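So the chains spell out like this:
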Amino acid sequence: MQKQRRNGRTSTNIYIGDEIAHLRGLNLRGLRSRWHGVFQKAAPAHLNQHLLFAVIAYRLQADRFGDLDHATKQMLNGLVAKEVGPALSARLASFDQKRTKLAPGTVLVREWDRQSQRVMVLADGFAWNGQTFDSLSKVAFAITGTKWNGPRFFGLRDREDRLDKLAQP
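In this text, all values refer to a predicted model and were calculated from it rather than measured experimentally.

Procedures and definitions
- Sequence positions are assigned chain by chain, starting from 1 and proceeding in written order.
- Predicted model: local features are reported for residues with pLDDT of at least 70 only, side-chain atom pairs are reported and counted for 80 or more only, and whole-chain, interface and lining totals are derived from all residues.
- Remark: hydrogens and water are excluded; side-chain values derive from all non-hydrogen atoms of the structure.
- By the criteria applied, helices consist of DSSP H or I runs no shorter than four residues and strands consist of E runs no shorter than two, each listed in order from the N terminus.
- Helix span is expected to be 1.5 Å times the residue number reduced by one.
- Residue burial is assigned from relative accessible area. The probe radius is 1.4 Å, only protein chains are included, and a residue is buried under 20% of its type maximum, exposed over 50%, and partly exposed in between.
- The directions from the helix axis to the C-beta atoms form the arc being described.
- Contacts are assigned to residue pairs with any non-hydrogen atoms lying within 4.5 Å of each other.
- N or O atoms within 3.5 Å of each other form a polar contact, as long as, within protein, one can give a hydrogen and the other can take it, and as long as residues adjacent in sequence are counted only when both atoms are side-chain atoms.
- Strand pairing requires that DSSP identify at least two bridges connecting the strands.
- Note on geometry: axes are C-alpha line fits, over the in-contact stretch for helices, and angles between N-to-C directions span 0 to 180 degrees.
- Relative orientations are named as follows: roughly parallel for angles under 35 degrees, roughly antiparallel for angles over 145 degrees, roughly perpendicular for angles from 65 to 115 degrees, and oblique for any other angle.
- For a crossing to be left-handed, the near helix must be turned anticlockwise from the far one by less than a right angle; the clockwise case is right-handed.
- Nonpolar cores were defined as sets of buried Ala, Val, Leu, Ile, Met, Phe, Trp, Tyr and Cys residues, with membership established by side-chain atoms within 4.5 Å.
- Centres within 6.5 Å are what make two rings of Phe, Tyr or Trp a pair, Trp counting through its six-membered ring; a difference in plane orientation under 30 degrees is then read as stacked, over 60 as edge-to-face, and the rest as tilted.
- Note on geometry: a ring has a charge over it if NZ (lysine) or CZ (arginine) is within 6 Å of the ring centre and within 35 degrees of the ring normal.

(A) Spatial organisation of helix 2 (residues 28–39). With 12 residues, helix 2 extends 16 Å from end C-alpha to end C-alpha; this agrees with the ideal 16 Å at 1.5 Å per step. If you check which residues of helix 2 are buried, you get Gly-30, Leu-31, Trp-35 and Val-38. For helix 2, the angular spread of the buried residues around the axis is 145°, confining them to a single face. Residues of helix 2 that are exposed and angled more than 90 degrees away from the buried face: Arg-29 and Ser-33. As for helix 2, its buried residues are in contact with helix 1 (16–24) and helix 3 (49–65). Its side-chain oxygen 3.2 Å from the backbone nitrogen of Arg-29, Asn-27 forms the N-cap of helix 2. Taken from the residues just after helix 2, Gln-40 is the one with a positive phi, measuring 60°.

Below is the structure:
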């Protein structure tokens, strides 16, 4: 079954994982051909097989599930144009904090050891079990007895802090 895309391209209702698995099996010539089919123009000559695969796979997924939001695109375009090194890390950190800012009064719920744990966000910290903590990581430690990234423990981040991975040489 053919499905019309907003950009005029058509796509069959094939599972995206199957499409990407097929891309992995293509050689450089096959990827250049697929590029032409996806972008309606020849692939840039300087792109190697790995980059061709990555860009095509991204485009297929963005077409199927939606692309980055406008604010994220603007932030990334601005970074590429003028920032590197520590300035880039600081800007990414502020962008990440904006996404996880919690309003006082918010209640975070996490099940741990078959018990529901409720944490109230305060203006100056977090309340749990009659105690006040200055970070979610300290709350997570009090609950589990082991060190955790607090936002990750409470489901506010999918992975460990992305900045640490980006900043590593």
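Having seen the structure, we can now continue with the description.
(B) Broad picture of the sheet that holds strand 5 (residues 125–128). Spatial strand order, 3-4-5-6: 4 strands in an open sheet with antiparallel pairing. Where the open sheet ends on each side, the last strands, each with one partner, are strand 3 (107–112) and strand 6 (131–133). Averaged over all adjacent pairs, the angle separating strand axes in this sheet is 30°, with direction ignored. Examined bridge by bridge, strand 3 and strand 4 (residues 115–122) share 6 bridges and lie antiparallel to one another. Looking across to strand 4, one finds that Trp-112 is bridged to Gln-115. Sitting on the sheet, helix 6 (residues 136–144) is in contact with strand 3, strand 4, strand 5 and strand 6, with an inclination near 20° to strand 5.

(C) The packing of helix 2 against helix 3, seen in detail. Two elements in contact, helix 2 and helix 3, have axes whose closest approach is 10 Å; the angle formed by their N-to-C orientations is 30°. Compared by their axis directions, helix 2 and helix 3 come out roughly parallel. Crossing geometry of helix 2 relative to helix 3 is assigned as left-handed. Together, Leu-28, Leu-31, Arg-32, Arg-34, Trp-35, Val-38 and Phe-39 of helix 2 and Gln-49, Leu-52, Phe-53, Val-55, Ile-56, Arg-59 and Leu-60 of helix 3 make up the contact between the two elements.

(D) Geometry of the nonpolar core. Grouped together as the largest cluster of nonpolar side chains are 14 residues, with contacts concentrated most on Leu-23, Leu-31, Trp-35, Leu-52, Phe-53, Ile-56 and Leu-60. Counting only elements with at least two residues in this core, the list comes to helix 1, helix 2 and helix 3. Top element by residues in this core is helix 3. It accounts for 5 residues. Excluding anything up to four places from it in sequence, Trp-35 contacts Gln-40, Lys-41, Ala-42, Ala-43, Pro-44, Leu-47, Leu-52, Val-55 and Ile-56. Phe-126, Ile-143, Phe-153 and Phe-154 belong to the second largest nonpolar core, which has 12 residues in total.

(E) Spatial organisation of the packing of aromatic side chains. Under the counting rule described, the total for this entry stands at 6 aromatic pairs. Residues Trp-112 and Trp-148 carry aromatic rings whose centres are separated by 6.0 Å and whose planes lie at 85° to one another, so their mutual orientation is edge-to-face. Of this pair, Trp-112 sits in strand 3 while Trp-148 sits in the loop between helix 6 and helix 7 (150–153); the two residues are 36 residues apart in sequence, bridging distant segments of the chain. Residue class for Trp-112 comes out partly exposed when judged on its relative accessible area of 26%. Its relative accessible area of 30% is what places Trp-148 among the partly exposed residues. Ring geometry for Trp-128 versus Phe-133: centroids 6.3 Å apart, planes at 50°, classification tilted. The exposure classification of Trp-128 matches that of Phe-133, with both residues buried. Of note, Arg-110 hangs over the ring of Trp-148, and the distance from its end group to the ring centre comes to 5.8 Å. Between Arg-110 and the ring centre of Phe-153, over which it is positioned, the NZ or CZ distance is 4.2 Å.

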